[in-house]
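These are the residues of each chain, in order.
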Amino acid sequence: MMTMGFGNVSVTAANADSAGRPRDMYAVYFQKHGDSGVLETGRLPVPSPCPHEVLIRVEATSVNRLDIAVRKGFPGLSLGWPHIPGSDAVGRIESAGTEVTGCEPGQRVVINPGIACGRCNHCLSGKSTLCDRFVIVGEQINGAYAEYVTVPSVNIKRVPADFPLIKAAAAPLAYITAWHSLVTRAGLEFGDRVLVSGGSGGVSTAAIQIARLFDAHVVATTRAEEKAERLRGIGASEVIVTGKPEGWAKSYMASGGRPFDIVIDSVGSALWKDNMRLLGRGGRLVNYGRTSGGEVSMDLSFVFWKQLQVIGSTMGDPGDFETVMNLIFSRKLDPVVDRVFPLREAAEAQDYLEASRQTGKVVLLNGERNSPEDLAE
Ligand SMILES: [Zn+2]
């Protein structure tokens with residue numbers, strides 16, 4: 001029973017409080033850091049919404065690289081146990097805290113995973129990612145690999161009735177991160193030349209679409225030949241298959257390749273040298289992660305002569321969330337879903353992502369919603 005999705009478990013009177021609210025819920029969680037084998041399934045208490053929060057019955061979530069990094073642990077991360085991962089969530093409002101207005105039970109909403117204090121100068125100027133109290137759902141606090149999750153009511157947005165559940169679940173963290181990196185931080189302009197290094201991930205496929213929305217010339221790199229066609233289909237103007245991830249820049253430039261205005265990167269050390277070399281005058285290297293390592297060296301003669309900028313980017317602000325979700329709901333951006341797993345197979349889904357077998361997003365469906373046919377919904 002402990003491994004079954006909540007859709008297979010009926011909530012009984014014994015599992016409900018006096019008001020009929022369920023006391024415990026199905027969840028995927030871990031109690032120590034490690035490989036995907038540390039993920040457990042079972043029942044945990046249903047979280048109670050604080051006065052400004054809503055309780056959401058999660059219908060779908062998605063897998064992000066962040067989930068794997070949190071599961072493995074990293075310096076500075078301190079979790080309460082058990083920890084529930086998962087930053088994205090789409091679901092229906094179950095209940096709301098006493099201070100929440102304008103939310104109705106049953107509304108389908110998507111969450112912005114970035115939570116901040118809402119009161120400091122950074123928050124009041126719309127830059128909540130700079131808030132000292134900025135946290136991400138599923139990273140420092142419990143996430144959405146569960147039947148229920150709570151978030152502040154300012155972190156939800158209504159999903160249009162005709163919009164596919166799975167695409168909504170695939171969107172938030174990846175698209176917010178891509179938009180914040182390219183547009184808010186790197187100042188993407190119409191017609192820019194943009195390099196998306198490691199083009200197959202969730203943020204990368206989002207970045208390709210966003211850059212195309214700005215009529216950019218987008219070059220994506222991939223190590224897998226079989227992904228090239230898919231990346232072209234998503235919108236990449238050129239796809240470069242790199243045998244080894246590093247060392248291709250010289251031959252690209254020597255064969256007449258033009259330099260880039262923006263490089264968006266989360267690979268880090270393995271590609272850093274190439275990325276710096278590929279930037280043109282006034283170029284911006286925007287970095288949002290370091291999957292191959294965070295120690296880099298760079299030749300400052302590139303930096304001052306070409307007047308380069310190295311820009312850090314983390315997740316995104318409420319304005320980024322509003323903008324990308326509006327573009328997605330109006331079908332101007334189209335989340336790429338590679339594969340759907342039932343939530344109970346979260347460990348397999350994380351392994352699939354960690355092995356970079358996907359192009360785009362991997363979605364986890366709660367309960368009985370566990371088949372790709374739900375894509376059509
Ligand atoms: Zn703040």
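A brief look at the structure comes next. Everything quoted here is computed from the prediction, not taken from an experiment.

## With respect to a nonpolar patch on the surface
Residues Met298, Leu300, Phe304, Trp305 and Val310 make up a contiguous nonpolar surface patch of roughly 580 Å² in combined accessible area. Ranked by residues supplied to the nonpolar patch, first place goes to helix H9 (residues 300-305) with three residues. Within the fold, Trp305 resides in helix H9.

## Notes on the environment of Ala346
Of note, Ala346 is situated in helix H11 (residues 346-354). By relative accessible area, Ala346 is classed as buried at 1%. Placed 161 residues apart in sequence, Ala346 and Arg185 show a C-alpha to C-alpha distance of 32 Å. When residues no more than four places from it in sequence are discounted, the contact partners of Ala346 are Val28, Leu39, Tyr145 and Leu364.

## Observations concerning the layout of surface pockets
Taken as a whole, the largest pocket spans an internal volume of roughly 1400 Å³. Arg65, Ser266, Tyr288, Gly289 and Thr291 are the residues nearest the centre of the largest pocket, which is lined by 49 residues in total. At the level of secondary structure, the elements contributing two or more residues to the lining of the largest pocket comprise helix H1 (65-72), helix H4 (172-185), helix H5 (202-213), strand E11 (217-222), helix H8 (269-278), H11 and strand E17 (361-365). Sorting elements by how many residues they give to the lining of the largest pocket places H1 first, with five residues. Classifying every residue of the lining of the largest pocket by side-chain character gives 18 nonpolar, 23 polar and eight charged. Taken together, domain 1 (6-171 + 335-376) and domain 2 (176-312) each give at least three residues to the lining of the largest pocket, which thus spans both. Roughly 790 Å³ of internal volume is contained in the second largest pocket. Lining the second largest pocket are 34 residues; nearest its centre among them are Ile115, Ala116, Val151, Pro152 and Asn155. Counting only elements with at least two residues in the lining of the second largest pocket, the list comes to strand E2 (40-45), strand E6 (114-115), strand E8 (148-152) and helix H10 (318-329). The biggest single contributor to the lining of the second largest pocket is E8, with five residues. By residue class, the composition of the lining of the second largest pocket is 19 nonpolar, ten polar and five charged.

So, how was this worked out
- Residues numbered from 1 in each chain as written.
- Predicted model: local features only at pLDDT ≥ 70, side-chain atom pairs only at ≥ 80, totals over all residues.
- Heavy atoms only, no water.
- Patch = residues over 30% accessible without salt bridge, like charges linked within 9 Å, V, L, I, M, F, W, Y side chains within 5 Å.
- Areas by Shrake-Rupley, 256 points an atom, 1.4 Å probe, with all protein chains shown as cover.
- Salt bridge = Lys/Arg side-chain N within 4 Å of Asp/Glu carboxyl O.
- Helix = DSSP H or I, 4+ residues; strand = E, 2+ residues; numbered from the N terminus.
- Buried < 20%, exposed > 50% of the residue type's maximum accessible area, 1.4 Å probe, protein only.
- Contact = heavy atoms within 4.5 Å.
- 1 Å grid on protein atoms, 1.4 Å probe; cavity = no way out; pocket = protein on both sides within 12 Å on 5 of 7 lines; lining within 4 Å.
- Points joined across faces, edges and corners; volume = space filled by probe spheres on them.
- Nonpolar A, V, L, I, M, F, W, Y, C, P; charged D, E, K, R; others polar.
- Domains from an automatic or database assignment.

Nothing here speaks to function; it is all geometry.
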